[in-house]
Amino acid sequence: MTTSVQKTLEIQEIGIIITAKKLNVGILSVDFLKTSGIIPQDWELQNKPVKTPNAVQLAFKNGVNLVAQPGKIFFSETIAKKAVEDIQISKVASKYIETLPNADYQEIVVNPKSLIGLENSFSDYITNTLIAPGPWQNIGKEKVQASINFLFQLESAPLSLNVTQAQIKQNEKSLPALLFSGSFHYKVANIKQTEIIGNMVQHINNWQTNLATFNEIVNQKFLGQEESVFNN
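Cut-offs used in this document
- Residues numbered from 1 in each chain as written.
- Predicted model: local features only at pLDDT ≥ 70, side-chain atom pairs only at ≥ 80, totals over all residues.
- Heavy atoms only, no water.
- Pairing = 2+ DSSP bridges.
- Helix = DSSP H or I, 4+ residues; strand = E, 2+ residues; numbered from the N terminus.
- Core = buried A, V, L, I, M, F, W, Y, C linked by side-chain atoms within 4.5 Å.
- Buried < 20%, exposed > 50% of the residue type's maximum accessible area, 1.4 Å probe, protein only.
- Contact = heavy atoms within 4.5 Å.
- Polar contact = N/O pair within 3.5 Å; in protein donor to acceptor, adjacent residues only side chain to side chain.
- Axes fitted to C-alpha atoms, helices over the stretch in contact; angles between N-to-C directions.

Asks: Tell me about the pairing of strand β5 (residues 72-78), and please be specific about residues and values.
Replies: Examined bridge by bridge, strand β1 (residues 7-20) and β5 share seven bridges and lie antiparallel to one another. Looking across to β5, one finds that Glu13 is bridged to Thr78. Here six bridges tie strand β4 (residues 64-69) to β5, and the two strands are oriented antiparallel to one another. Each residue of the ladder has a partner; that of Asn65, found in β5, is Ser76.

Asks: Before we move on, could you go through the nonpolar core and cite the residues and values that matter?
Replies: As a rule of thumb, nonpolar side chains are buried together in soluble globular proteins. Counting 60 residues, the largest nonpolar core has Ile18, Tyr105 and Phe180 as its most contacted members. Excluding anything up to four places from it in sequence, Phe180 contacts Pro112, Lys113, Ser114, Ile116, Leu161, Asn162, Val163, Phe214, Val218, Phe222 and Leu223.

Asks: Could you give me a rundown of the environment of Ser36, with the residues and numbers involved?
Replies: Structurally, the position occupied by Ser36 is in the loop between α1 (30-35) and β2 (50-52). Residue classification places Ser36 among the partly exposed positions, given a relative accessible area of 23%. Ser36 sits 63 residues away from Thr99 along the chain, and the two C-alpha atoms are 7.3 Å apart. If sequence neighbours within four positions are ignored, Ser36 has contacts with Lys95 and Thr99. Polar side-chain contacts of Ser36 include one of 2.6 Å to the backbone oxygen of Phe32.

Asks: Describe the sheet that holds strand β6 (residues 105-118), and please don't skip the residues or the numbers.
Replies: In spatial order, the strands read β2-β3-β4-β5-β1-β6-β9-β8-β7; together these nine strands make up an open sheet with antiparallel pairing. In this open sheet, the two strands that pair with only one neighbour each are β2 and β7 (147-153). Here the average twist between neighbouring strands, direction ignored, is 15°. Pairing between strand β8 (residues 158-170) and strand β9 (residues 173-187): 12 bridges, direction antiparallel. What sits directly across from Ser160, in β9, is Ser183. Sheet strands in contact with helix α4 (residues 193-205) are β1, β6 and β9, and its direction is about 10° off that of β6. Strand contacts of helix α5 (residues 207-222): β1, β6, β7, β8 and β9, with the helix running at about 135° to β9, the strand carrying the most contacts.

Asks: An account of the side chain of Ser90 is requested, with residue identities and associated values reported.
Replies: For Ser90, the position within the fold is in helix α2 (residues 89-99). A polar contact is formed between the side chain of Ser90 and the side chain of Trp207, at a distance of 3.4 Å. Each residue touching Ser90, except ones within four places of it in the same chain, is listed here: Ile16, Ile204, Asn205 and Trp207.

In structure tokens, the structure reads:
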């Protein structure tokens, strides 16, 4: 039976990663997103766009972020304490691929993350609970840090889950935390061209089901709890 882990804080994010052979990094700009109707006209940037020859990053005040790299675009949004109807990421990602249907899309990855603050008594959760004790835990002058990868073959899509020790800075203090990062993988490269956009939109709009599955696995199977902050 899983020991119930006491959470002090939870920060949750949902990401949608789209890979394609013909994604043009340089096309991503606020003007393009607004004139094409991908984002509303009233969205404001949190800070100046970050642009390099191989990447463009846009961060908006509502918590939505876009990062374009060669062959890949990443949409993310901080969602803790947001109402479901206020979460914009699926609308933006869907509108993006509908606006650019000929990019030779390959895969969609729905990427939920939870950064969970822990009581000090659970600061060694990975090394004391998920990993069997052994001499490798006594190497070096400080406690060993650990990260574990899991792969679950779910009916809907494969889920890869990484669990990493982390820290949260709060009031100038560093608190122990765990970062759970999940990836639901959907291949779309072999789908007929006439069906590919509709299929991708369906996967994108399934993010709530993916998130619920992720939360259930993290909270019930790993932490011994029933709900996350997102569900409260």
